[in-house]
Amino acid sequence: MTSAIPERDGDGYLRDMSTWTPEIAKAMANEDAFELTDEKWVQILKAREYYDEFNVVPPIRKFSKYIGADQKEMFKLWLTGPMKPITKYGGLPKPTGCV
C-alpha cells in the first residue's frame with residue numbers, strides 16, 4: 001500500500017499538492033500510525049476549503065474561528081499543534097510561523 005503514496009518531504013508532507021486524494025491521506029496516516037477520525041476529517045476538509053478560498057494555510061486562531069471550533073478542543077483532538085497534521089494529511093503546504 002505504501003507505494004500508492006506520492007513522494008513526501010522529510011516532514012512527511014506531499015511534495016506535490018495536486019497528488020492529494022482522501023485515499024492518499026488515509027495511506028499516509030496509516031503509514032504514520034495516526035488515526036483519522038470523522039471529526040479530524042471534517043477539519044482536514046475545512047482546511048482544504050480555506051486554502052482553496054484564500055490560497056494560504058491559516059494560523060490556528062483564524063482556522064478555529066473559521067470552523068467554529070474551540071482551540072483547546074482542537075489541541076486535545078490532535079494531541080499536538082493541530083495545523084501540522086491537518087495540513088500534512090490534507091495535502092496542503094507546511095504551516096509557517098507559530099503552529
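All of these numbers come straight from a predicted model, not from anything done at the bench.

## So, helix α3 (residues 60-67)
- All buried positions along α3 are accounted for by Ile-60, Phe-63 and Ser-64. All buried residues of α3 lie within an arc of 100° about the axis, which places them on one face of the element. Facing away from the buried side of α3 by more than 90 degrees, the exposed set consists of Arg-61, Lys-62 and Lys-65.
- Looking at the buried residues of α3, the elements they touch are α2 (38-54), α4 (71-78) and α5 (83-89).
- Once α3 finishes, Gly-68 follows within two positions and takes phi at roughly 70°, a positive value.

## So, the packing of α2 against α3
- At a minimum axis separation of 11 Å, α2 and α3 run at an interaxial angle of 105°. The pairing of α2 with α3 is recorded here as roughly perpendicular in orientation. Here Gln-43, Lys-46, Ala-47, Glu-49, Tyr-50, Glu-53 and Phe-54 of α2 come into contact with α3, specifically with Lys-62, Phe-63, Tyr-66 and Ile-67.

## Section: the packing of α2 against α4
- In the contact formed by α2 and α4, the axes pass within 11 Å of each other and the chain directions differ by 120°. For the element pair α2 and α4, the recorded crossing hand is left-handed. In this structure, α2 contributes Glu-39, Lys-40, Gln-43 and Ile-44 to the contact, and α4 contributes Met-74, Leu-77 and Trp-78.
- Here the residues of the contact of α2 with α4 are counted per class, giving four nonpolar, one polar and two charged.

Each value, and the rule that gives it
- Residues numbered from 1 in each chain as written.
- Predicted model: local features only at pLDDT ≥ 70, side-chain atom pairs only at ≥ 80, totals over all residues.
- Heavy atoms only, no water.
- Buried < 20%, exposed > 50% of the residue type's maximum accessible area, 1.4 Å probe, protein only.
- Helix = DSSP H or I, 4+ residues; strand = E, 2+ residues; numbered from the N terminus.
- Arc of directions from axis to C-beta.
- Contact = heavy atoms within 4.5 Å.
- Axes fitted to C-alpha atoms, helices over the stretch in contact; angles between N-to-C directions.
- Parallel < 35°, antiparallel > 145°, perpendicular 65-115°, else oblique.
- Left-handed = near helix turned anticlockwise from the far one by under 90°.
- Nonpolar A, V, L, I, M, F, W, Y, C, P; charged D, E, K, R; others polar.

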